[in-house]
Amino acid sequence: MSHLIPQAPAAARPGLRRLVVGAAASVAALTSLSTAPPAAYAQDAPPRGDRLTVTVRDAGGGADGTYEVRCRPSGGSHPDPAGACAAVERNTRWGRDAFAPAPRDTVCTLQYGGPATARVTGTWAGRPVDATYDRTNGCEIARWDRLVPLLPEARAAGRA
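Computed from a prediction, not measured in an experiment: that's the story for all the values here.

Draft legend 1. Highlighting the packing of aromatic side chains. This structure, assessed with the given rule, holds zero aromatic pairs. For Arg72, the ring lying beneath its charged end belongs to Trp124, and the centroid distance is 5.0 Å. For Arg143, the ring lying beneath its charged end belongs to Tyr133, and the centroid distance is 3.9 Å.

Here it is in C-alpha coordinates:
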(Lines give C-alpha, C1' and ligand atoms only; values in the text may rest on other atoms or scores of the structure.)
Protein backbone atom coordinates (compact mmCIF):
# COMPACT_ATOMS: atom_id res chain seq x y z
CA MET A 1 0.00 0.00 0.00
CA SER A 2 1.50 3.30 -0.93
CA HIS A 3 0.94 6.65 0.73
CA LEU A 4 0.78 9.77 -1.25
CA ILE A 5 2.64 12.75 0.10
CA PRO A 6 1.13 15.93 -1.22
CA GLN A 7 3.49 18.50 -2.66
CA ALA A 8 2.94 22.19 -2.79
CA PRO A 9 2.02 23.47 -6.24
CA ALA A 10 4.93 24.85 -8.22
CA ALA A 11 3.64 28.42 -7.85
CA ALA A 12 3.77 28.15 -4.02
CA ARG A 13 7.28 26.66 -3.81
CA PRO A 14 9.27 29.95 -3.90
CA GLY A 15 7.23 31.26 -0.96
CA LEU A 16 7.67 27.98 0.86
CA ARG A 17 11.42 28.11 0.25
CA ARG A 18 11.57 31.64 1.75
CA LEU A 19 9.59 30.42 4.77
CA VAL A 20 11.96 27.48 5.35
CA VAL A 21 15.08 29.64 4.92
CA GLY A 22 13.64 32.28 7.26
CA ALA A 23 12.81 29.69 9.89
CA ALA A 24 16.30 28.21 9.67
CA ALA A 25 17.87 31.65 10.10
CA SER A 26 15.68 32.32 13.15
CA VAL A 27 16.68 29.02 14.75
CA ALA A 28 20.35 29.79 14.11
CA ALA A 29 20.02 33.24 15.68
CA LEU A 30 18.23 31.89 18.76
CA THR A 31 20.79 29.11 19.14
CA SER A 32 23.65 31.59 19.13
CA LEU A 33 21.92 33.64 21.85
CA SER A 34 21.29 30.63 24.07
CA THR A 35 24.93 29.53 23.88
CA ALA A 36 26.35 32.93 24.86
CA PRO A 37 28.48 32.63 27.98
CA PRO A 38 26.62 33.51 31.20
CA ALA A 39 29.46 35.86 32.19
CA ALA A 40 28.35 38.21 29.45
CA TYR A 41 25.19 38.91 31.45
CA ALA A 42 26.62 38.69 34.98
CA GLN A 43 27.33 42.40 35.25
CA ASP A 44 23.65 43.23 34.70
CA ALA A 45 22.27 40.55 37.04
CA PRO A 46 21.55 41.26 40.72
CA PRO A 47 23.82 39.56 43.26
CA ARG A 48 22.93 35.91 43.82
CA GLY A 49 22.46 34.19 47.14
CA ASP A 50 21.09 35.38 50.43
CA ARG A 51 22.34 38.64 51.93
CA LEU A 52 21.61 39.91 55.42
CA THR A 53 22.68 42.96 57.39
CA VAL A 54 22.74 42.48 61.16
CA THR A 55 22.93 45.46 63.53
CA VAL A 56 23.52 44.59 67.19
CA ARG A 57 23.33 47.02 70.13
CA ASP A 58 24.01 46.63 73.85
CA ALA A 59 25.06 42.97 73.61
CA GLY A 60 28.44 43.63 75.24
CA GLY A 61 31.59 41.60 74.84
CA GLY A 62 32.57 43.40 71.64
CA ALA A 63 29.57 42.02 69.73
CA ASP A 64 27.95 45.40 69.00
CA GLY A 65 28.11 46.68 65.45
CA THR A 66 26.77 46.16 61.95
CA TYR A 67 27.73 43.04 60.02
CA GLU A 68 27.09 41.86 56.48
CA VAL A 69 26.38 38.16 55.86
CA ARG A 70 26.29 36.47 52.46
CA CYS A 71 25.15 32.88 52.11
CA ARG A 72 25.66 30.37 49.28
CA PRO A 73 28.57 31.02 49.25
CA SER A 74 29.16 32.36 52.77
CA GLY A 75 31.09 35.54 53.31
CA GLY A 76 30.84 39.08 54.55
CA SER A 77 32.05 41.02 57.57
CA HIS A 78 30.23 38.85 60.15
CA PRO A 79 32.66 37.10 62.54
CA ASP A 80 31.21 33.66 61.58
CA PRO A 81 29.42 33.90 58.22
CA ALA A 82 29.16 30.12 57.71
CA GLY A 83 27.73 29.64 61.22
CA ALA A 84 25.35 32.58 60.73
CA CYS A 85 24.05 31.10 57.48
CA ALA A 86 23.68 27.67 59.11
CA ALA A 87 21.68 29.15 62.00
CA VAL A 88 19.15 30.73 59.66
CA GLU A 89 19.05 27.63 57.47
CA ARG A 90 18.26 25.49 60.56
CA ASN A 91 15.24 27.69 61.24
CA THR A 92 13.97 27.85 57.67
CA ARG A 93 10.79 25.86 57.03
CA TRP A 94 8.62 25.81 53.94
CA GLY A 95 5.76 28.28 54.29
CA ARG A 96 7.12 29.86 57.49
CA ASP A 97 9.09 33.05 58.01
CA ALA A 98 12.39 32.23 59.76
CA PHE A 99 12.42 35.80 61.12
CA ALA A 100 8.76 36.03 62.22
CA PRO A 101 8.00 37.56 65.60
CA ALA A 102 6.47 35.48 68.36
CA PRO A 103 2.68 35.27 67.85
CA ARG A 104 0.78 37.91 69.85
CA ASP A 105 -1.24 35.32 71.80
CA THR A 106 1.85 33.40 72.99
CA VAL A 107 2.27 33.08 76.75
CA CYS A 108 5.88 34.02 77.59
CA THR A 109 7.84 33.70 80.80
CA LEU A 110 8.49 36.94 82.62
CA GLN A 111 12.26 36.99 82.58
CA TYR A 112 14.67 39.63 81.41
CA GLY A 113 17.53 38.57 79.16
CA GLY A 114 19.40 41.86 79.11
CA PRO A 115 19.39 45.06 77.08
CA ALA A 116 20.67 43.57 73.79
CA THR A 117 18.75 44.45 70.62
CA ALA A 118 19.28 43.52 66.99
CA ARG A 119 17.84 44.28 63.59
CA VAL A 120 18.19 41.95 60.60
CA THR A 121 17.46 43.25 57.10
CA GLY A 122 18.13 41.95 53.62
CA THR A 123 16.99 38.95 51.59
CA TRP A 124 16.59 35.32 52.61
CA ALA A 125 15.20 32.59 50.33
CA GLY A 126 14.25 35.25 47.81
CA ARG A 127 12.11 37.17 50.31
CA PRO A 128 12.75 40.53 51.96
CA VAL A 129 13.72 40.48 55.65
CA ASP A 130 13.22 43.28 58.18
CA ALA A 131 13.09 41.85 61.70
CA THR A 132 13.88 43.21 65.15
CA TYR A 133 15.03 41.25 68.18
CA ASP A 134 15.37 41.90 71.91
CA ARG A 135 15.60 39.82 75.07
CA THR A 136 12.69 41.25 77.08
CA ASN A 137 10.91 37.96 77.89
CA GLY A 138 11.23 34.20 77.52
CA CYS A 139 9.75 34.12 74.01
CA GLU A 140 12.08 36.83 72.73
CA ILE A 141 15.09 35.21 74.42
CA ALA A 142 14.26 31.88 72.73
CA ARG A 143 13.72 33.62 69.38
CA TRP A 144 17.13 35.32 69.70
CA ASP A 145 18.90 32.13 70.82
CA ARG A 146 17.57 30.17 67.82
CA LEU A 147 19.63 32.45 65.55
CA VAL A 148 22.95 32.27 67.40
CA PRO A 149 25.57 32.80 65.87
CA LEU A 150 23.81 35.10 63.37
CA LEU A 151 22.97 37.05 66.54
CA PRO A 152 25.66 37.03 69.22
CA GLU A 153 25.33 34.75 72.19
CA ALA A 154 24.02 36.90 75.02
CA ARG A 155 23.78 36.19 78.71
CA ALA A 156 20.84 37.13 80.90
CA ALA A 157 21.24 40.25 83.01
CA GLY A 158 23.04 39.57 86.26
CA ARG A 159 24.72 36.35 85.03
CA ALA A 160 28.42 36.02 84.46
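Draft legend 2. View of the side chain of Thr53. Note on placement: Thr53 falls in strand 1 (residues 50-57). A polar contact is formed between the side chain of Thr53 and the side chain of Glu68, at a distance of 3.0 Å. Those residues in contact with Thr53 that lie beyond four places of it in its chain are Thr66, Tyr67, Glu68, Arg119, Val120 and Thr121.

Draft legend 3. Region of interest: helix 4 (residues 138-145). The buried fraction of helix 4 is high, at six of eight residues. Taken together, the buried positions of helix 4 are Gly138, Cys139, Glu140, Ile141, Arg143 and Trp144. Along its buried surface, helix 4 packs onto strand 3 (117-124) and strand 4 (127-134). Where helix 4 starts, the residue carrying a side-chain oxygen 2.9 Å from the main-chain nitrogen of Cys139 turns out to be Asn137.

Draft legend 4. Molecular detail of the layout of surface pockets. In this structure, the largest pocket encloses a volume near 410 Å³. Looking at the lining of the largest pocket element by element, the count peaks at three residues for helix 4. Here the lining of the largest pocket is built from residues that sort into nine nonpolar, one polar and six charged. Taken as a whole, the second largest pocket holds about 330 Å³ of empty space. Lining the second largest pocket are 17 residues; nearest its centre among them are Arg96, Asp97, Ala98, Trp124 and Arg127. Among the elements that line the lining of the second largest pocket, the one with the most residues is strand 4, at five residues. Taken together, the residues of the lining of the second largest pocket break down into 10 nonpolar, two polar and five charged.

Draft legend 5. Seen up close, helix 3 (residues 81-90). Every buried residue of helix 3 is accounted for by Pro81, Gly83, Ala84, Cys85, Ala87 and Val88. For helix 3, the elements touching its buried residues are strand 1, strand 2 (65-71) and strand 3.

Draft legend 6. Spatial organisation of the pairing of strand 3. Pairing between strand 1 and strand 3: seven bridges, direction antiparallel. Bridging across to strand 3, Thr55 finds its partner in Arg119. Here strand 3 runs beside strand 4; their pairing, made up of eight bridges, is antiparallel. The partner of Trp124 across the bridge, within strand 4, is Arg127. Hairpin connection, strand 3 to strand 4: the antiparallel pair is bridged by two residues, and Ala125 has positive phi, about 55 degrees.

Draft legend 7. Structural view of the state of the cysteines. Going through the model one piece at a time under the given rule, you end up with two disulfides. Here Cys108 pairs with Cys139 through a disulfide, and the sulfurs are 1.9 Å apart. Sign of the S-S torsion, about -100 degrees for the bond between Cys108 and Cys139, identifies this disulfide as left-handed. Of the two residues, Cys108 is situated in the loop between helix 3 and strand 3 and Cys139 in helix 4; the sequence distance between them amounts to 31 residues. Cys108 sits in the partly exposed class, given a relative accessible area of 24%. We classify Cys139 as buried; its relative accessible area is 14%. Bonded cysteines in the protein are paired 1-2, 3-4 when counted in the order they occur along the chain.

Rules used in this analysis
Residues numbered from 1 in each chain as written. Predicted model: local features only at pLDDT ≥ 70, side-chain atom pairs only at ≥ 80, totals over all residues. Heavy atoms only, no water. Phe/Tyr/Trp six-rings, centres within 6.5 Å; stacked < 30°, edge-to-face > 60°. Lys NZ or Arg CZ within 6 Å of the ring centre and 35° of its normal. Helix = DSSP H or I, 4+ residues; strand = E, 2+ residues; numbered from the N terminus. Polar contact = N/O pair within 3.5 Å; in protein donor to acceptor, adjacent residues only side chain to side chain. Contact = heavy atoms within 4.5 Å. Buried < 20%, exposed > 50% of the residue type's maximum accessible area, 1.4 Å probe, protein only. 1 Å grid on protein atoms, 1.4 Å probe; cavity = no way out; pocket = protein on both sides within 12 Å on 5 of 7 lines; lining within 4 Å. Points joined across faces, edges and corners; volume = space filled by probe spheres on them. Nonpolar A, V, L, I, M, F, W, Y, C, P; charged D, E, K, R; others polar. Pairing = 2+ DSSP bridges. Disulfide = S-S within 2.5 Å.

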